[in-house]
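Residue strings, one per chain:
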Amino acid sequence: MKKVLLATSALVMFAGAASAEIALSGSAVMGVGDDGGVDGVRSIMETYLTFSASGETDAGLAFGFDTTIGVYDTDGGLNDDGTSVYISGAFGKLSMGSVAEADEVATLSDIGLVGLGIDNVAESYSGDSAGRESHDVNYTYSAGALMLALSAHIGAGGEGDGYAVGVKYSFGDAYVGLGYNDDNVSLAAGTVTSVYAGGSFGAFGVSAMWSEWNPDAAGANQDAYGVYMTYAVDALTLSAAVADGSAEADASYGIGAAYDLGGGAEVKGGVGDVRGETVWDMGLSFSF
Amino acid sequence: MKKVLLATSALVMFAGAASAEIALSGSAVMGVGDDGGVDGVRSIMETYLTFSASGETDAGLAFGFDTTIGVYDTDGGLNDDGTSVYISGAFGKLSMGSVAEADEVATLSDIGLVGLGIDNVAESYSGDSAGRESHDVNYTYSAGALMLALSAHIGAGGEGDGYAVGVKYSFGDAYVGLGYNDDNVSLAAGTVTSVYAGGSFGAFGVSAMWSEWNPDAAGANQDAYGVYMTYAVDALTLSAAVADGSAEADASYGIGAAYDLGGGAEVKGGVGDVRGETVWDMGLSFSF
Amino acid sequence: MKKVLLATSALVMFAGAASAEIALSGSAVMGVGDDGGVDGVRSIMETYLTFSASGETDAGLAFGFDTTIGVYDTDGGLNDDGTSVYISGAFGKLSMGSVAEADEVATLSDIGLVGLGIDNVAESYSGDSAGRESHDVNYTYSAGALMLALSAHIGAGGEGDGYAVGVKYSFGDAYVGLGYNDDNVSLAAGTVTSVYAGGSFGAFGVSAMWSEWNPDAAGANQDAYGVYMTYAVDALTLSAAVADGSAEADASYGIGAAYDLGGGAEVKGGVGDVRGETVWDMGLSFSF
């Protein structure tokens, strides 16, 4: 007695019958890898179920929430992999919960099946990295090619009132962006300025970022940066990334490949050197 | 590849095709508030997904279960916000799990977006308050205007065998109720007698309750009571509540408002004085 | 505004419209029982929601994942009751996550509503019992009446690299099986050999198993074994089980009954003597 949820494409016949709905989507990976830790080769299994509730007010404002249930390995439990509530309209989109920090205008993708962590090197200072409190409210406004974002952590005593702003400008298939994050509480207190650029050029894609942290405490500024590139040939997509920073002993880098099997399945993997450790992973990635 | 769940209204065409089904509904809030704690203003985000499984035996008994997955803020995980299993028929309805205590015949609504807690003052002694063990089985029987309920905590060694009974009588749009709770184990051991009354009168609604706790230990009886009122004008609903008790230093009170935006969305908020603290919250409430 | 998921039977009209989908099914029990512990009679309530995502590659390989959210009682939270990801085709089926150990070719069913634990006595040494690390990858291949399975725990430092193999041969409605498990790390380190046999013979069903553990450490081999039998008459199914082993003071045994109410509902219960304790449970079992 299984209940089957219909695919969206089958739903046109019901158009107009329901203004509010809850949609379900998912993804999963299975494979093996080595993250450079003492445990050596490990198995990889992750699953994600995303519930997307949406509705519309009489005045035409869209609202809803998204929550993702994640299972990260065999032994773990169920995890909240991100939950946020939003309302949007001509005024922009206001979100609360697990929102993006506004200075993360265009984060880098990672190499591999579940990721080698090269992007983390480049993003050492932006967003909620470096132990900084995650923001819980985000406002985004788009006008043509321009996108403006504001985010903050609201209240709560000792946690302070950090905020961030971001601007992104798109031209054709390319973009540039600028982000600023001000945090006066965490161990990483100070300001962070980030610059982003990237785009798609035929079979090639590239995204790059550079961030500088200006700490409140005594000491020199720190920076971090990275580039992620892809090249697609038919069902195959090759990728490469490199990231480094003033606090890194060595640059981190890696290459990856993904082969599209159709129907939402991919063979995917990557290998690299991240903070001095050789890391790799490979396996299957599914989306539903 | 999102899967979309159909709204109930689209389902008439399948009537009879399925005797067992699992329905999905949800709600969410986003806003800000101050609960009087040391942290000052805080952000509010809560989401709820409710799965309702239902079926019918060959003899026409209805059965099923309901479970709600709640996410209460940004940092928390996934929570079991209430799960119970039931079977019902001409004999009444038997539920197990997160059930209501039978003496809570008609609990008060709270003021505000996620609630200021005024209702908790009035409900200081009834139900599972005062550290009393929650009941895990409930039987409810309705005969015309009369509703009878029994509930208990079954077994489990040192936790004792508390039970409760409740009676509710409805006439027109009004009701009166009586509840009794006997608990011989917790710090709140003793008996609790509760009286309820309320109803809807045109645009007005009111619900009131009074409870008295007669402790097993030496010491005087304690009581608590409260009133909740609403007044609806078109899309706007105003609310007010007051609650007090023999153990309270001051009465708690508050006023609230909700404005229906259509499609399941409301603007909602409240402000009040609860146990000597000024508290408020406001924001958006969505149902799906 | 409830969303209703359609039963599979209503879906034929959409055949071909969607290659990927996420199906939802569930089950629940409610009742009472005594597991022989100090707490005496306890209430029983368990609910399960299973999400089954499935898709197909262009080359016709089936893939997907299954995750079950379990709630085991009133006070507990949400639990990952088993999550695994798979891909299958002519080459067999490869699963990762919460997979079966390959030497558990045909585990015994248990007696009762949620189970008295008689099967656990017979399965004292096979699979992931005796504190052995659960396997996280399983490969199964079927060729006609023959089924071959391999499983292992991949990597992870001190946890070792246990593996297991299993073979099952079916003839008509009967089967025989053989399992082997090699574990060199846990307190139960050593090898386990298991033999299985069973089948359905008209109204009768029987399954039996015997396992022997050959420990790496000094000391004698240990064995455990059990038989589970059923007899069905119309809507009623009677069951009986007995299990014992070289490390058991007494044999464990029990009898049970299930009566099908139709629509996915059953009245179900059992009573027995397990490791010297009288245990029983009874109640309702629902599937959706």
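Counting starts from 1 at the beginning of each chain's written sequence and moves along it residue by residue. Chains and ligands are labelled sequentially in the order written, the chains with letters from A and the ligands with numbers from 1. For this predicted model, a pLDDT threshold of at least 70 governs which residues receive local features, and a threshold of 80 or more governs which side-chain atom pairs are given and counted, while totals over whole chains, interfaces and linings are taken from all residues. Where side-chain values are given, they derive from all heavy atoms of the structure, hydrogens and water being excluded.

### Focus on the packing of aromatic side chains
- The rule is short: rings of Phe, Tyr and Trp, with Trp giving its six-membered ring, pair when the centres are within 6.5 Å, and they are stacked under 30 degrees, edge-to-face over 60, tilted in between. In the structure shown here, the tally under the stated rule is 27 aromatic pairs over all chains.
- Taking 4.7 Å as the distance between ring centres and 40° as the angle between the ring planes, the aromatic pair formed by Phe-204 of chain A and Tyr-231 of chain A counts as tilted. Of the two residues, Phe-204 of chain A is situated in strand E13 (residues 204-215) and Tyr-231 of chain A in strand E14 (residues 222-233); the sequence distance between them amounts to 27 residues.
- Relative to Tyr-72 of chain C, the ring of Tyr-48 of chain C lies with its centre 6.1 Å away and its plane at 50°, an arrangement referred to as tilted. Residue Tyr-48 of chain C is located in strand E4 (residues 42-56), and its partner Tyr-72 of chain C is located in the loop between strand E5 (62-71) and strand E6 (79-89); the two are separated by 24 residues in the primary sequence.
- Given the relative accessible area of 18%, Tyr-48 of chain C is considered buried.
- One aromatic cluster is present, built from ring pairs that chain together Phe-63 and Phe-65 of chain A together with Phe-286 and Phe-288 of chain B.
- Geometrically, a lysine NZ or arginine CZ counts as sitting over a ring once it is within 6 Å of the ring centre and also within 35 degrees of the ring normal. For the cation-ring pair, Lys-168 of chain A lies above Tyr-175 of chain A, with the distance from its terminal atom to the ring centre recorded as 4.7 Å. Comment: elements are numbered from the N terminus, with helices defined as DSSP H or I runs of at least four residues and strands as E runs of at least two. When accessible area is computed with a 1.4 Å probe and restricted to protein chains, residues below 20% of their type maximum are described as buried, those above 50% as exposed, and intermediate ones as partly exposed.

### A word on the nonpolar core
- Ranked by size, the top nonpolar core spans 67 residues in total, and within it Phe-51 and Phe-286 of chain A, Phe-51 and Phe-286 of chain B together with Phe-51, Phe-286 and Phe-288 of chain C carry the most contacts.
- In this view, Phe-286 of chain B contacts Phe-63, Val-85, Tyr-86 and Ile-87 of chain A together with Gly-26, Ser-27, Ala-28, Met-30, Gly-264 and Ala-265 of chain B; residues no more than four positions away in its chain are not counted. For this analysis, a nonpolar core means a set of buried residues of the types Ala, Val, Leu, Ile, Met, Phe, Trp, Tyr and Cys, connected via side-chain atoms within 4.5 Å. Contacts: residue pairs with any heavy atoms within 4.5 Å of one another.

### Observations concerning the pairing of strand E10 (residues 163-171) of chain C
Residue and element names in this part refer to chain C.
- Should DSSP find at least two bridges between two strands, the strands are regarded as paired. The pairing of strand E9 (residues 146-152) with E10 spans seven bridges and is antiparallel. Each bridged residue has a counterpart across the sheet, and for Met-147 the counterpart in E10 is Lys-168.
- One ladder, built from nine bridges, connects E10 with strand E11 (residues 174-183); its direction is antiparallel. The residue bridging Phe-171 from the neighbouring strand is Ala-174, located in E11.
- Two successive antiparallel strands, E10 and E11, enclose a turn made up of two residues, where Gly-172 displays a positive phi of approximately 65°.

### Side note on the side chain of Ser-211 of chain C
Residue and element names in this part refer to chain C.
- Tracing the backbone through its elements, the reader meets Ser-211 in strand E13 (residues 204-215).
- Distance and chemistry together define a polar contact, namely a pair of N or O atoms within 3.5 Å, with one atom able to donate a hydrogen and the other to accept it when in protein, and with adjacent residues in sequence counting only for side-chain atoms on both sides. A polar contact of 2.7 Å, which involves the side chain of Ser-211, links it to the side chain of Ser-194.
- Every residue in contact with Ser-211, bar those within four places of it in the chain, is listed here: Ser-126, Val-192, Thr-193, Ser-194, Gln-222, Asp-223 and Ala-224.

### Focus on the pattern of salt bridges
All names here are of chain A.
- Any carboxyl oxygen of Asp or Glu that lies within 4 Å of a side-chain nitrogen of Lys or Arg is treated as forming a salt bridge with it. Scanning the entire structure with this criterion turns up three salt bridges over all chains.
- Put simply, Arg-275 and Glu-248 hold a salt bridge, and the shortest N to O gap is 2.9 Å. Pair noted here: Arg-275 is in the loop between strand E17 (265-274) and strand E18 (277-287) and Glu-248 is in the loop between strand E15 (236-245) and strand E16 (252-262), with a separation of 27 residues, a long-range link.

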